[in-house]
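Architecture and fold: a report
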Amino acid sequence: QVQLVESGGGLVQAGGSLRLSCAASGHTFSTYVVGWFRQAPGKEREFVAAINWRGGNTYYADSTKGRFTVSKDNAKNTVVLQMNSLKAEDTAVYYCAATTDYYCSGYGCYYDYWGQGTQVTVSS
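Residues numbered from 1 in each chain as written. Predicted model: local features only at pLDDT ≥ 70, side-chain atom pairs only at ≥ 80, totals over all residues. Heavy atoms only, no water.

Describing the sheet that holds strand β3 (residues 18–25)
As a reminder, the rule being used: When DSSP finds two or more bridges between two strands, those strands count as paired. Secondary structure is summarised from DSSP: a helix means a run of H or I of at least four residues, a strand means a run of E of at least two, and numbering begins at the N terminus for each. Here, axes are lines fitted to C-alpha atoms. For helices the fit covers the stretch in contact, and angles between N-to-C directions go from 0 to 180 degrees.
Sheet architecture is open: four strands sit in the order β1-β3-β8-β7, paired in antiparallel fashion. Edge positions in the sheet fall to β1 (3–7) and β7 (68–73), since each has one partner strand and no second. Looking at each pair of strands side by side, their axes are set apart by 20° on average, direction ignored.

Next up, the structure:
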(Lines give C-alpha, C1' and ligand atoms only; values in the text may rest on other atoms or scores of the structure.)
Protein backbone atom coordinates (compact mmCIF):
# COMPACT_ATOMS: atom_id res chain seq x y z
CA GLN A 1 0.00 0.00 0.00
CA VAL A 2 1.33 3.42 -0.95
CA GLN A 3 1.22 6.27 1.55
CA LEU A 4 1.19 9.86 0.35
CA VAL A 5 2.33 12.95 2.23
CA GLU A 6 1.96 16.50 0.92
CA SER A 7 4.17 19.37 2.00
CA GLY A 8 5.02 22.93 1.01
CA GLY A 9 1.76 24.72 1.67
CA GLY A 10 1.62 28.09 3.37
CA LEU A 11 0.61 31.72 3.12
CA VAL A 12 1.64 33.76 0.11
CA GLN A 13 0.73 37.10 -1.45
CA ALA A 14 -1.16 37.18 -4.72
CA GLY A 15 1.30 36.92 -7.58
CA GLY A 16 3.71 34.86 -5.52
CA SER A 17 4.76 31.24 -5.80
CA LEU A 18 4.68 28.03 -3.81
CA ARG A 19 6.17 24.63 -4.41
CA LEU A 20 4.19 21.63 -3.23
CA SER A 21 5.65 18.15 -2.94
CA CYS A 22 4.00 14.76 -2.76
CA ALA A 23 6.14 12.02 -1.28
CA ALA A 24 5.34 8.34 -1.50
CA SER A 25 6.27 5.51 0.79
CA GLY A 26 5.55 1.82 0.58
CA HIS A 27 5.79 1.92 -3.20
CA THR A 28 7.43 4.01 -5.86
CA PHE A 29 5.38 6.09 -8.28
CA SER A 30 6.74 4.13 -11.23
CA THR A 31 3.41 2.59 -12.20
CA TYR A 32 1.12 5.40 -11.07
CA VAL A 33 -0.60 8.45 -12.38
CA VAL A 34 -0.25 11.10 -9.68
CA GLY A 35 -2.78 13.89 -9.45
CA TRP A 36 -3.27 17.08 -7.51
CA PHE A 37 -6.70 18.17 -6.36
CA ARG A 38 -7.89 21.07 -4.26
CA GLN A 39 -10.90 21.93 -2.18
CA ALA A 40 -11.88 25.33 -0.84
CA PRO A 41 -14.33 25.77 2.05
CA GLY A 42 -17.90 25.32 0.87
CA LYS A 43 -16.82 24.21 -2.59
CA GLU A 44 -16.46 20.88 -4.32
CA ARG A 45 -13.11 19.24 -4.82
CA GLU A 46 -11.60 20.03 -8.20
CA PHE A 47 -8.83 18.65 -10.35
CA VAL A 48 -5.65 20.72 -10.59
CA ALA A 49 -2.96 18.78 -12.43
CA ALA A 50 -1.54 15.28 -12.89
CA ILE A 51 1.45 13.41 -14.25
CA ASN A 52 1.89 9.92 -15.63
CA TRP A 53 5.11 8.90 -13.92
CA ARG A 54 6.08 6.30 -16.47
CA GLY A 55 5.20 8.18 -19.63
CA GLY A 56 5.81 11.71 -18.37
CA ASN A 57 2.49 12.97 -19.72
CA THR A 58 1.08 15.92 -17.83
CA TYR A 59 -2.46 17.21 -17.52
CA TYR A 60 -3.80 20.52 -16.25
CA ALA A 61 -7.07 22.13 -15.40
CA ASP A 62 -7.89 25.13 -17.57
CA SER A 63 -7.72 27.40 -14.54
CA THR A 64 -4.11 26.45 -13.75
CA LYS A 65 -2.61 25.80 -17.17
CA GLY A 66 0.26 28.19 -17.82
CA ARG A 67 0.68 29.03 -14.14
CA PHE A 68 1.20 25.64 -12.53
CA THR A 69 3.70 22.98 -13.51
CA VAL A 70 3.67 19.37 -12.35
CA SER A 71 6.87 17.36 -12.53
CA LYS A 72 8.58 14.35 -11.02
CA ASP A 73 11.80 13.81 -9.12
CA ASN A 74 12.95 10.25 -9.73
CA ALA A 75 15.71 10.33 -7.12
CA LYS A 76 13.40 11.45 -4.33
CA ASN A 77 10.34 9.58 -5.57
CA THR A 78 8.26 12.72 -5.29
CA VAL A 79 5.87 14.67 -7.47
CA VAL A 80 6.18 18.44 -7.44
CA LEU A 81 3.54 21.05 -8.16
CA GLN A 82 5.15 24.41 -8.87
CA MET A 83 2.54 27.12 -8.44
CA ASN A 84 3.30 30.54 -9.92
CA SER A 85 1.27 33.73 -10.31
CA LEU A 86 -0.99 32.65 -7.50
CA LYS A 87 -4.43 34.18 -7.17
CA ALA A 88 -6.77 34.48 -4.23
CA GLU A 89 -9.04 31.91 -5.85
CA ASP A 90 -6.22 29.37 -5.61
CA THR A 91 -6.73 29.28 -1.85
CA ALA A 92 -7.65 25.73 -0.86
CA VAL A 93 -6.45 22.55 0.73
CA TYR A 94 -4.36 20.75 -1.86
CA TYR A 95 -4.38 16.97 -1.99
CA CYS A 96 -2.07 14.53 -3.68
CA ALA A 97 -3.61 11.35 -5.05
CA ALA A 98 -2.45 8.33 -7.01
CA THR A 99 -4.10 5.84 -9.32
CA THR A 100 -2.80 2.63 -10.86
CA ASP A 101 -4.82 3.35 -14.00
CA TYR A 102 -2.08 3.98 -16.53
CA TYR A 103 -4.58 5.37 -19.02
CA CYS A 104 -5.94 7.97 -16.64
CA SER A 105 -5.67 11.39 -18.23
CA GLY A 106 -5.76 13.21 -14.91
CA TYR A 107 -9.44 13.25 -14.13
CA GLY A 108 -12.48 11.09 -14.67
CA CYS A 109 -10.73 8.08 -13.16
CA TYR A 110 -10.57 6.44 -9.78
CA TYR A 111 -7.74 7.47 -7.49
CA ASP A 112 -6.83 4.70 -5.07
CA TYR A 113 -4.71 6.64 -2.59
CA TRP A 114 -4.94 10.10 -1.07
CA GLY A 115 -2.77 12.23 1.16
CA GLN A 116 -3.98 14.31 4.09
CA GLY A 117 -3.66 17.62 2.27
CA THR A 118 -1.70 20.82 2.71
CA GLN A 119 -3.20 24.29 3.11
CA VAL A 120 -2.46 26.96 0.53
CA THR A 121 -3.63 30.47 1.35
CA VAL A 122 -3.22 33.33 -1.12
CA SER A 123 -3.84 36.79 0.29
CA SER A 124 -5.05 39.76 -1.73
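Now that the structure has been shown, the text picks up again.
Considerations on the side chain of D90
How we decide: Whether a residue is buried, partly exposed or exposed follows from its accessible area with a 1.4 Å probe, protein chains only, as a fraction of its type maximum: under 20%, in between, or over 50%, in that order. Pairs of N or O atoms are called polar contacts if they sit within 3.5 Å, as long as, within protein, a hydrogen donor faces a hydrogen acceptor (for residues adjacent in sequence, only side-chain-to-side-chain pairs). Should any heavy atoms of two residues lie within 4.5 Å, those residues are counted as being in contact.
With respect to the helices, strands and loops of the structure, D90 is situated in the loop between β8 (78–83) and β9 (92–99). For D90, a relative accessible area of 0% translates into the label buried. For D90, the side chain forms a polar contact with the side chain of R38, separated by 2.9 Å. Among the polar contacts made by the side chain of D90, one reaches the side chain of R67 at a distance of 2.8 Å. Residues contacting D90, with those up to four places away along its chain left out, are R38, R67, F68, S85, V120 and V122.

Let's talk about unusual backbone geometry
The backbone of N77 sits at a positive phi, close to 50°, despite the residue not being glycine. The topology assignment puts N77 in the loop between β7 and β8. For N77, a relative accessible area of 13% corresponds to the buried category. The backbone of S85 shows a phi angle near 50°, a positive value even though the residue is not glycine. Tracing the chain through its elements places S85 in the loop between β8 and β9.

What to know about the pairing of strand β4 (residues 33–39)
The buried fraction of β4 is high, at six of seven residues. Note: β4 against strand β5 (residues 46–52), six bridges, orientation antiparallel. Looking across to β5, one finds that R38 is bridged to E46. As paired elements, β4 and β9 share seven bridges and run antiparallel to each other. When the bridges of β9 are listed, G35 appears paired with A97.

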